[in-house]
Amino acid sequence: GEIPRLPGIDIYGQSIPLNGLSGGDHIVFVDFNHRYDLTARIDRARREGQDAVADRLERNRQRAGILLADVSGHQLTDALMAAMLHQAFLLGVEYELRDHGEVTTELFEHLNTRFYQSSSQFKFITMIYGEITTAGAFRFLSAAHPQPIVFSREWGRLVPIGNDRTTHFPPIGTMPSKKNWEARGGRNPHHFKEDYSISELNLMGWGDILLLFSDGLSEHATAADEFYFPERLTEVLRRNRSLGAREIFERIVEDLRQFAPLRDDLSLIVIKKT
């Protein structure tokens, strides 16, 4: 889908497959205002007496969703797993909006159960799903994915985000969700995944830059194991912080390729408060 458009928020991102055609990284943008007919959904909820659902649907006008997934591997089968997640996620959002008026953790419990039951034990998916608001707040759920980072325009550096402010979960499909698994009558494995919860960041002021990325960026290194992240990335952000999201994305990718050849699929999403 098209990149979301929100007042005061500039967004741009892409996935760059290592093999040039397909890979395990995948991005799904959710522009609630354009992908879904919020007005019709709100009217229907009001007519059916679901005022709480209608109120939550209204709030989607001021936010956009972004899913970034990374399937282990770089082959066609990994791209197919990413495509399966894409379709299952978008279908799930349809039902979430109908039943709850917003995307909840319940959707990701079902996705985790589905991939646990159907995918190979040697394949897994790290994933982050987040929603950015017009005010610059970011709420997200991360399943073993690299944590988002914020570059402060005022201070000219990355703002540390402590682990106490975020919650970590295992990759999608590696451990069953206890509630979903027992409801389906499955045999009890030795370990269950804790119920998903949401982390929230309220760090974005005017000119600040939020980055979502795969480990193709965070683990990018030279043959001598000199890492691009975070020092050189910080320098690129400092030099280009006045540019728009797309230009910042392009400058990072250009500099990253000059630093060292890609050794993994790369995904990067730049979100700037304007």
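Quick caveat, the model's predicted, so the values are computed rather than measured.

Visitor: Describe in detail the pairing of strand E9 (residues 209-213), supporting the description with residues and values.
Guide: Of all five residues in E9, five are buried; the element is thus mostly enclosed. Residues Ile209, Leu211 and Phe213 line one face of E9 and the alternating positions Leu210 and Leu212 line the opposite face, and both faces are buried. Examined bridge by bridge, strand E6 (residues 149-152) and E9 share three bridges and lie antiparallel to one another. Considered in E9, the bridge of Ile149 is made with Leu211. Where E9 and strand E10 (residues 266-273) come together, five bridges link them in antiparallel fashion. When the bridges of E10 are listed, Leu211 appears paired with Val270.

Visitor: Could you give an account of the sheet that holds strand E4 (residues 125-133), with specific residues and numbers?
Guide: Spatial ordering of the open sheet is given by E2-E3-E4-E5-E8, a layout of five strands whose pairing is antiparallel. Two strands in the sheet have a free side with no partner beyond their single neighbour: strand E2 (25-30) and strand E8 (199-201). With direction set aside, neighbouring strand axes in the sheet form an average angle of 20°. Summarising the sheet, E4 and strand E5 (residues 138-143) pair through six bridges and their orientation is antiparallel. The residue bridging Ile128 from the neighbouring strand is Ser142, located in E5.

Visitor: Tell me about the packing of aromatic side chains, residues and numbers included.
Guide: Within the structure shown, the criterion is met by nine aromatic pairs. Here the aromatic residues Phe89, Phe108 and Tyr129 are joined through ring pairs into a cluster of three or more. When the ring centre of Tyr196 is taken as reference, the NZ or CZ atom of Lys193 above it lies at 3.5 Å.

Visitor: Mind laying out the packing of helix H4 (residues 76-99) against helix H5 (residues 105-118), listing which residues take part and the relevant values?
Guide: At a minimum axis separation of 10 Å, H4 and H5 run at an interaxial angle of 145°. The element H4 and its partner H5 pack so that their crossing is right-handed. From H4, Met81, Met84, Leu85, Ala88, Phe89, Gly92, Val93 and Glu96 reach across to H5, where they touch Glu106, Leu107, Phe108, Leu111 and Phe115.

Definitions and cut-offs
Residues numbered from 1 in each chain as written. Predicted model: local features only at pLDDT ≥ 70, side-chain atom pairs only at ≥ 80, totals over all residues. Heavy atoms only, no water. Buried < 20%, exposed > 50% of the residue type's maximum accessible area, 1.4 Å probe, protein only. Helix = DSSP H or I, 4+ residues; strand = E, 2+ residues; numbered from the N terminus. Pairing = 2+ DSSP bridges. Axes fitted to C-alpha atoms, helices over the stretch in contact; angles between N-to-C directions. Phe/Tyr/Trp six-rings, centres within 6.5 Å; stacked < 30°, edge-to-face > 60°. Lys NZ or Arg CZ within 6 Å of the ring centre and 35° of its normal. Left-handed = near helix turned anticlockwise from the far one by under 90°. Contact = heavy atoms within 4.5 Å.

Read these as spatial facts, not as claims about activity.
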